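Next come the chains, spelled out residue by residue.
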Amino acid sequence: GNMVEWCLPQDIDLEGVEFKSMASGSHKIQSDFIYFRKGLCFGLACFANMPVESELERGARMKSVGILSPSYTLLYRYMHFLENQVRHQLEMPGHYSHLEAFYDDKKGVLPDRKGTSSSQQPVHWLPSIHRYMYPEMKITHPAGCMSQFIKFFGEQILVLWKFALLRKRILIFSPPPVGVVCYRVYCCCCLANVSLPGLGGTVPESKPFFYVNVADIEMLETEVSYVACTTEKIFEQKRDLYDVYVDNQNVKTHHEHLQPLLKINNADKEKYRRLNDQRQMLMYSQEVGEDCSSCEEDLFILFFMEQNNRIFQTLMEVSASQDKTLTADHARGMGLDPQGDRSFLMDLLEVYGIDVMLVIDNPCCT
């Protein structure tokens, strides 16, 4: 099995990290990278596989080199270093001087088990990670992870958007390599960004757990909201661990009351058309040299943030009004389909505890 060969600091609890930093099934591929969560920290590891003429190593040497940090927003900066180091470890096993120097240069004050740093200041990063994911994190991908995400899921991103906004437990399955799937986890979380102050203090955080495996089952059993990915097919059978299961472009749920959310309605199609129109305009403006500062990642995140803000702004205004009545016109004003999004709206009001009365007629009653 996997084992931790070397680490700094030596007294850190790394139980299970040897399985998080090397995805199940990785022996079939040459290289990969992987984001994961370990306790209160996030990790990034780079994996590589090299054939060797050794019976002891069964003809292949496989290693991962990774780092842990209280936040994942800056981990991508060290991807190149980790890629070089894993190659170095394959070719010259046991030489750790570069890693020691890196640790001495980058080490900071990590939160202890009580959730406070050694200076006794409270650690604020954990509850706010989701809200401040933008703009600090620019995950890098050869063609931009957001555009990959849009091309891969197409109109299905509107289905994922609703589940992310409702803080459902979303599990994405894919065989290795898992790096690009970790980006899909990040993109899913970006769909639920809201920048309105004072919204949803009691709403569970949408946590990016990135890669999970069977060793994480106990931890996942206690989570009420998360987005994660796995390479282990066994998870599909463990329905109590997730609400939404994504296999390639196939988004499904075993909860009957969530089934209506799987249908793409006219308002969803209109949103997808608008998103694509904005992307085309951005590409055109970049081609003619008008605007090189904007990028597709920003456009994607802002598109959904503005959409979410519009929904919650309307809901809060209606809840503060005298009759607290939400009509079909309100739904259309929020960019929603009064009929097709009825169950989504009802779930949204319940999850966020918004006191509003829904008076959108059901089509069967009109």
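Above this text you will find the structure in question.
This text gives an overview of the structure that appears in the document. Note that the structure is predicted; figures quoted are calculated from it, not measured.

### Examining helix α13 (residues 342-351)
Step number 1: Burial in α13 covers these residues: R342, F344, L345, D347, L348 and L349.
Step number 2: Where α13 is buried, its residues meet α7 (156-165), α11 (296-320), β9 (325-326), α12 (328-333) and β10 (357-358).
Step number 3: Count one or two residues on from α13 and you reach G353, which has phi positive near 60°.

### Remarks on the packing of α11 against α13
Step number 1: Between α11 and α13, whose axes approach to 12 Å, the crossing angle comes to 70°. Considering their axes alone, α11 and α13 lie roughly perpendicular with respect to each other. The handedness of the crossing between α11 and α13 comes out as right-handed. Contact residues: I311, F312 and L315 in α11; L345, L348 and L349 in α13.
Step number 2: Considering only residue class, the contact of α11 with α13 consists of 6 nonpolar, no polar and no charged.

### Observations concerning the environment of G333
Step number 1: Tracing the backbone shows G333 in helix α12.
Step number 2: Remark: the alpha-carbon pair of G333 and I311, spanning 22 residues in sequence, is separated by 8.4 Å.

### Regarding the nonpolar core
Step number 1: I157, F312 and L315 are the most contacted members of the largest nonpolar core, which totals 94 residues.
Step number 2: With 10 residues, α11 is the single largest residue contributor to this core.
Step number 3: Here this core gathers at least three residues from each of two domains, domain 1 (17-105) and domain 2 (143-314).
Step number 4: Every residue in contact with I157, bar those within four places of it in the chain, is listed here: F149, I150, L191, Y272, L275, F300 and F304.

### Overview of the side chain of Q89
Step number 1: Along the chain, Q89 falls in helix α2 (residues 79-91).
Step number 2: When its relative accessible area of 3% is taken as the criterion, Q89 is described as buried.
Step number 3: A polar atom in the side chain of Q89 sits 2.7 Å from the backbone oxygen of H95.
Step number 4: Here Q89 is in contact with E5, K63, V65, G94, H95, Y96 and L99, once residues within four sequence places are set aside.

### Some points on the packing of helix α10 (residues 266-287) against α11
Step number 1: The N-to-C vectors of α10 and α11 enclose an angle of 145°; their axes lie 11 Å apart at closest approach. When you trace α10 past α11, the crossing you get is right-handed. Facing α10, whose interface residues are K271, R274, L275, Q278, R279, L282 and M283, α11 presents E296, L299, F303, F304, Q307 and R310.
Step number 2: In terms of residue class, the contact of α10 with α11 is built from 6 nonpolar, 2 polar and 5 charged.

### Considering α10
Step number 1: When the terminal C-alpha atoms of α10 are compared, their 32 Å separation across 22 residues agrees well with the 32 Å that a helix rising 1.5 Å per residue should span.
Step number 2: Here α10 has its buried residues at A267, D268, K271, Y272, L275, R279, L282 and S285. Down the axis of α10, the buried set is contained in an arc of 150°. They therefore lie on one face. The outward face of α10, more than 90 degrees from its buried face, is lined by the exposed residues N266, Q280, M281, Y284 and E287.

### Some points on the pairing of strand β8 (residues 250-253)
Step number 1: The side-chain alternation of β8 yields one buried face, formed by V251 and T253, and one unburied face, formed by N250 and K252.
Step number 2: Of the strand pairs in this sheet, strand β7 (residues 244-247) and β8 are connected by 4 bridges, and their pairing is antiparallel. Note that in β8 the partner of V246 across the bridge is V251.
Step number 3: Turn length for the β7-β8 hairpin, with the two strands adjacent in sequence and antiparallel, is 2 residues, and the turn residue N248 shows positive phi of about 55°.

### Quick word on the packing of aromatic side chains
Step number 1: Inspection of every chain in the model, using the stated rule, returns 20 aromatic pairs.
Step number 2: Aromatic pair Y35 and F210: ring centres 5.2 Å apart, planes at 35°, arrangement tilted. Placement of Y35 in strand β1 (residues 31-38) and of F210 in strand β5 (residues 207-211) is noted, with a sequence separation of 175 residues between them.
Step number 3: On the basis of relative accessibility, which here comes to 0%, the residue Y35 falls in the buried class.
Step number 4: Look at F210 and you get buried, because its relative accessible area is 0%.
Step number 5: Ring geometry for Y72 versus F210: centroids 5.3 Å apart, planes at 80°, classification edge-to-face.

### Quick look at unusual backbone geometry
Step number 1: Residues L8 and P9 are joined by a peptide bond in cis, for which omega reads -10°.
Step number 2: In this model, N248 sits at a positive phi of 55°, which is unusual for a non-glycine residue.
Step number 3: Structurally, N248 can be placed in the loop between β7 and β8.
Step number 4: Of the residues examined, N248 reaches a relative accessible area of 40% and is grouped as partly exposed.

Rules used throughout
Residues numbered from 1 in each chain as written. Predicted model: local features only at pLDDT ≥ 70, side-chain atom pairs only at ≥ 80, totals over all residues. Heavy atoms only, no water. Buried < 20%, exposed > 50% of the residue type's maximum accessible area, 1.4 Å probe, protein only. Helix = DSSP H or I, 4+ residues; strand = E, 2+ residues; numbered from the N terminus. Contact = heavy atoms within 4.5 Å. Axes fitted to C-alpha atoms, helices over the stretch in contact; angles between N-to-C directions. Parallel < 35°, antiparallel > 145°, perpendicular 65-115°, else oblique. Left-handed = near helix turned anticlockwise from the far one by under 90°. Nonpolar A, V, L, I, M, F, W, Y, C, P; charged D, E, K, R; others polar. Core = buried A, V, L, I, M, F, W, Y, C linked by side-chain atoms within 4.5 Å. Domains from an automatic or database assignment. Polar contact = N/O pair within 3.5 Å; in protein donor to acceptor, adjacent residues only side chain to side chain. Expected span 1.5 Å × (residues − 1). Arc of directions from axis to C-beta. Pairing = 2+ DSSP bridges. Phe/Tyr/Trp six-rings, centres within 6.5 Å; stacked < 30°, edge-to-face > 60°.

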